[in-house]
Amino acid sequence: MSRMDTAPTEGTDAVLTGITKTYHSRKRTVEALGPVSLELKADEFTTLIGVSGCGKSTLLHIVAGLEQPTSGRVEIGGSEVFGPGRDRGMVFQSYTLFPWLTVQANVEFALRDTELSRAERRERAREYLELVGVSDFRDAFPSQLSGGMRQRVAIARALSYRPRMLLMDEPFGALDAQTRQDMQELLLQVWEAHRLNVLFVTHDIDEAIFLSDRIVMLSGRPGRVKLDLRPGIPRPRTVDILTSPVLMSYKARLLAALREEGAAATRAG
Ligand SMILES: Nc1ncnc2c1ncn2[C@@H]1O[C@H](COP(=O)(O)OP(=O)(O)OP(=O)(O)O)[C@@H](O)[C@H]1O
Ligand SMILES: [Mg+2]
């Protein structure tokens, strides 16, 4: 194929080509993923869904550079990924803040080794903590914060070095329903103001439809792209969307597809 045939479409920021992952242990081999090929756009919010164990986290870790694919490659902004980098911010389900550092210091720590001066790091951390509404807790330690507050700090930290891509693996999965709703609204606001390439993983279909421009559903293991939808719900969005007919119709479709994969997985044992 010529370069022209493989050239990504306009606005593409990340290109995943033929990604597979096979885990080997002494007793067994698990074909966890793929092949998966996806083009992700610079200003699009993409959510990955799929039955448990279909390789969502594996795919996110590969894009993050935390794991190597067995085959295939990831390119971000035209450069191949070989490891973690500041072009990608990460927020995972479990709180990954340093317990011995204050909220402010946690964000500043992420900015070490940048060209920013100490004063600039302090200013940058303040700016992003304000963006996510935790300015009043700058001097607190993570253990003094609620789960939702900690995830706000994790989001501030991931955004503070201005990555071109944000990777989020079930970031609100451990939160109670109301806090989760608050966090979804916060993320929507932040994203609508700052538009960047987001790759988000969730089990929650409402959350996927509420937040995303694009929803990619993976099949059961090894995960492959089974559905790729752009519901086209206008922005800015409010919680009213959660009860709208358009959400309900996408929800029915996605739930049916997930049930199908779940049933296939049960048959396969
Ligand atoms: N380090 C590892 N060694 C061996 N197998 C692994 C490893 N990590 C993941 N797996 C297996 O690979 C498959 C995909 O795992 P992964 O965590 O990516 O799925 P997932 O879609 O994120 O699942 P969940 O929805 O439960 O978070 C699973 O069968 C899992 O057991
Ligand atoms: Mg996972």
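Throughout, a residue's number is its position along its own chain's written sequence, starting from 1. All chains are assigned letters beginning with A, and all ligands numbers beginning with 1, in the order in which they are written. Since the coordinates come from a predicted model, pLDDT governs what is reported: local features require at least 70, and pairs of side-chain atoms require 80 or more to be given and counted, while whole-chain, interface and lining totals use all residues. Values shown for side chains rest on all heavy atoms present in the structure; no hydrogens or waters enter the calculation.

## Concerning the overall build of the protein
Here's step 1: A tally of regular secondary structure across the protein gives eight helices and ten strands.
Here's step 2: Radius of gyration: over C-alpha atoms. The globule rule applied is 2.2 Å multiplied by the number of residues raised to the 0.38 power. Radius of gyration (C-alpha) of the protein: 19 Å, near the 18 Å computed for a compact globule of 269 residues.
Here's step 3: Across its three principal axes, the protein shows a C-alpha extent of roughly 55 × 45 × 45 Å.
Here's step 4: Looking at the protein as a whole, 49% of its 269 residues qualify as buried.
Here's step 5: Pairs of residues are marked as contacts when any of their non-hydrogen atoms sit within 4.5 Å. The contacts of the protein with a sequence gap of at least 6 include a subset with a gap of at least 24, amounting to 71%.
Here's step 6: Every accessible area reported is derived by Shrake-Rupley at a probe size of 1.4 Å, with residue values counting cover from the shown protein chains alone. With the model as given, the accessible surface of the protein reaches about 13,100 Å², and the carbon-plus-sulfur share is 51%.
Here's step 7: Asp and Glu count as negative and Lys and Arg as positive, but His and the ends of the chain are not part of the count. By convention, the point assigned to a charge is CZ for Arg, NZ for Lys, CD for Glu and CG for Asp. Of the side-chain charges in the protein, 35 are positive and 34 negative, and the distance between the mean point of each set is 5 Å. Helix and strand assignments follow DSSP, with helices taken as H or I runs no shorter than four residues and strands as E runs no shorter than two, numbered in order from the N terminus. Three labels apply to residues, based on accessible area from a 1.4 Å probe with only protein chains included: buried if under 20% of the type maximum, exposed if over 50%, partly exposed otherwise in between.

## A short note on the sheet that holds strand E8 (residues 197-201)
Here's step 1: The strand order across the open sheet formed by six strands is E6-E7-E8-E3-E9-E10, and the pairing between neighbours is mixed. The open sheet has two edge strands, strand E6 (88-92) and strand E10 (225-229), and neither has a second partner. For this sheet the average axis-to-axis angle between neighbouring strands, irrespective of direction, equals 15°.
Here's step 2: One bridge is not enough; two strands pair if DSSP finds at least two bridges between them. Pairing of strand E9 (residues 214-218) with E10 involves four bridges; the strand directions are antiparallel. Within E10, the position partnered with Val216 by the bridge is Asp228.
Here's step 3: Across the sheet, helix H5 (residues 147-160) is in contact with E6 and strand E7 (165-169); its angle to E6 comes to roughly 170°. Each axis is a line fitted through C-alpha atoms, and for a helix only the stretch in contact is used; angles between axes span 0 to 180 degrees, taken between their N-to-C directions.

## As for the confidence of the model for the protein
Here's step 1: For every residue, the predictor reports its confidence as pLDDT, a number between 0 and 100. Summing up the model confidence of the protein, the mean pLDDT is 92 and the portion of residues at 70 or higher is 96%.
Here's step 2: Mean pLDDT values over the elements of the protein span from 48, in helix H1 (residues 3-6), up to 98, in strand E3 (residues 45-49).
Here's step 3: Considering only residues more than four positions removed or in separate chains, one finds that residues 1-5, a stretch of pLDDT under 50, has two contacts.

## Regarding the packing of helix H4 (residues 118-131) against H5
Here's step 1: One can describe the packing of H4 onto H5 by two numbers: an axis separation of 9 Å at closest approach and a directional angle of 135°. One way to sum up the angle between H4 and H5 is to call them oblique. Viewed along their axes, H4 and H5 form a crossing whose handedness is right-handed. Residues Arg124, Tyr128, Leu129 and Leu131 of H4 form the contact with H5, whose participating residues are Val153, Ala156, Leu159 and Ser160. By the definition adopted for this analysis, an angle is roughly parallel if under 35 degrees, roughly antiparallel if over 145, roughly perpendicular if from 65 to 115, and oblique otherwise. Two helices crossing with the near one rotated counterclockwise from the far one by less than a right angle form a left-handed crossing, whereas a clockwise rotation gives a right-handed crossing.

## Brief notes about the pattern of salt bridges
Oppositely charged side chains may form a pair once their charged atoms are brought near each other.
Here's step 1: Think of a salt bridge as a Lys or Arg side-chain nitrogen and an Asp or Glu carboxyl oxygen that are within 4 Å of each other. Considering all chains together, one arrives at 17 salt bridges under this definition.
Here's step 2: Ionic pairing is found between Asp228 and Arg214, a salt bridge with its closest N-O pair at 2.8 Å. Taken as a pair, Asp228 in strand E10 and Arg214 in strand E9 lie far apart in primary sequence, 14 residues in all.
Here's step 3: By sharing partners, the salt bridges in this structure join Arg73, Glu75 and Glu80 into a single network.

## What to know about the site of ligand 1
Here's step 1: Only a single heavy atom is needed: when it lies within 4 Å of a molecule or strand, its residue is near that molecule or strand. Looking at ligand 1, there are 13 residues lining it, with Ser52, Gly53, Lys56, Thr58 and Arg221 nearest.
Here's step 2: For this analysis, a polar contact is any N or O atom pair within 3.5 Å, provided that within protein one partner can donate a hydrogen and the other can accept it, and provided that sequence-adjacent residues contribute only side-chain to side-chain pairs. Within the contact set of ligand 1, an oxygen atom lies 2.7 Å away from a side-chain nitrogen or oxygen of Lys56.
Here's step 3: For ligand 1, the protein covers 64% of the area, taking 630 Å² as the surface of the free molecule.
Here's step 4: Secondary-structure elements contributing two or more residues to the shell around ligand 1 are strand E2 (29-41) and helix H2 (56-64).
Here's step 5: When residues of the shell around ligand 1 are assigned to their parent elements, the largest contribution, three residues, is made by H2.

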